[in-house]
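These are the residues of each chain, in order.
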Amino acid sequence: MSPADSKTVEARSVRLNTKAENAAALAPDVERHTLTRSPNDLLIEVKAAAVNPSDVKAATGLMPYAVFPRTPGRDYAGVVIDGPAGSMGREVFGSSGDLGIRRDGTHASHLVVEADAVVEKPKTVSWEEAAGIGVPFVTAMEGFRRAGIPKASETVLVFGVNGKVGQAAVQIATWQGARVIGVVRKAEAYEGHSNAPIEVIDASGADVAARVRELTAGKGADIVFNTVGDPYFQAAHKSLGLRGRQILIAAIDRIVQFAILEFYRGQHTYVGIDTLGLSSAATGAVLRDLGPGFASGHLKPFPIKADAIYPLERAREAYLAVAGSSRDRVILRP
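Residues numbered from 1 in each chain as written. Predicted model: local features only at pLDDT ≥ 70, side-chain atom pairs only at ≥ 80, totals over all residues. Heavy atoms only, no water.

Caption draft 1: Region of the structure containing the overall build of the chain. Along the chain, the regular secondary structure elements total nine helices and 15 strands. For 334 residues, the compact-globule formula gives about 20 Å, and the C-alpha radius of gyration of the chain, at 20 Å, lands near that figure. Viewed in the frame of its principal axes, the chain has a C-alpha envelope of about 65 × 45 × 35 Å. Scored against the burial criterion, the 334 residues of the chain give a buried share of 52%. Carbon and sulfur atoms make up 52% of the accessible area of the chain, which totals about 14,300 Å². Positive and negative side-chain charges of the chain, numbering 38 and 36 respectively, have mean locations separated by a distance of 3 Å. (Helix = DSSP H or I, 4+ residues; strand = E, 2+ residues; numbered from the N terminus. Rg over C-alpha atoms; globule rule 2.2 N^0.38 Å. Buried < 20%, exposed > 50% of the residue type's maximum accessible area, 1.4 Å probe, protein only. Areas by Shrake-Rupley, 256 points an atom, 1.4 Å probe, with all protein chains shown as cover. Lys, Arg positive; Asp, Glu negative; His and termini not counted. Charge placed at Lys NZ, Arg CZ, Asp CG, Glu CD.)

In structure tokens, the structure reads:
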């Protein structure tokens, strides 16, 4: 099919026309826009799209490279309705660091994305579940890709274990056979799927680093996945074993005290992950690494509650739910 023969669709899209001062001031519209793909792109009918905290942060000016006006949304699942030969009818899902931030994203009825950005949707996974995989699993997997995929002989310590990235990290690490210890802010059990039992440390009632040393016979953790950032920076640092690696994906305060002597004597590695820096194609490569885990059942999508699914016309409610730190995976369904 030549570009001249490409299908044109009139898409319904959520639009943010200007930056909002805060989440309460968000005023998204639903507008119609004509979409046509380029030769190496796919035109996708979106069946479901997730709302991530980064979508709301970008809408309120916390990401200076976010453009306006634009359609938000990084994660999606849908059907290819136009594309290179052999691509029509494929059921796919994907995510991106630039979709919905630097260019129009997934909170729409249709989406144009590069052909190498998408991954086949497992038959056992619903549209809403597939749309909810993206950012959390990509963040967790990219962290492990950069720090080293956990080995069966290793211990992985996850701070913020009941957050979505924390749960994805548990799934991936236990899929690889590693031992996982989780850390929670207050007394609660681990809420997600795991391929093995995990120990949970309540940070409000225990010295995390001391407890990690007890649980590892003094060795410490091989990998610390710190999904929270600076509040746990010192506990994470003190929990690292020799040649341990700490993965960092977030911050509240940007500046921390850093013990350089302990860092180099411990031969530690710190890995910073920013999935907003990943293109759609780079994100697709990460998702393809996760594919065998979902196919085998070692990785499971997050459960989606019916009351966490919104139509495009109620996008503001969906954004406010995420801004209010909802633990549910919030989904838009065009």
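Right, picking up where we left off after that structure.
Caption draft 2: Seen up close, the packing of aromatic side chains. By the definition in use, this model includes nine aromatic pairs. An angle of 55° between the planes, with centres 5.2 Å apart, marks the rings of phenylalanine 258 and phenylalanine 263 as tilted. Using a relative accessible area of 23% as the deciding quantity, one classes phenylalanine 263 as partly exposed. With centroids separated by 5.4 Å and ring planes inclined at 70°, the aromatic side chains of phenylalanine 263 and tyrosine 270 adopt a geometry described as edge-to-face. The class for tyrosine 270 is partly exposed, based on a relative accessible area of 23%. Members of the aromatic cluster, connected to one another through ring pairs, are Phe233, Phe258, Phe263 and Tyr270. Over the ring of tryptophan 127 we find lysine 121; its NZ or CZ atom is 4.9 Å from the centre of that ring. (Phe/Tyr/Trp six-rings, centres within 6.5 Å; stacked < 30°, edge-to-face > 60°. Lys NZ or Arg CZ within 6 Å of the ring centre and 35° of its normal.)

Caption draft 3: Fine view of the side chain of histidine 237. The topology assignment puts histidine 237 in helix H6 (residues 233-239). Taking the relative accessible area as the measure of exposure, histidine 237 reaches 4% and is therefore buried.

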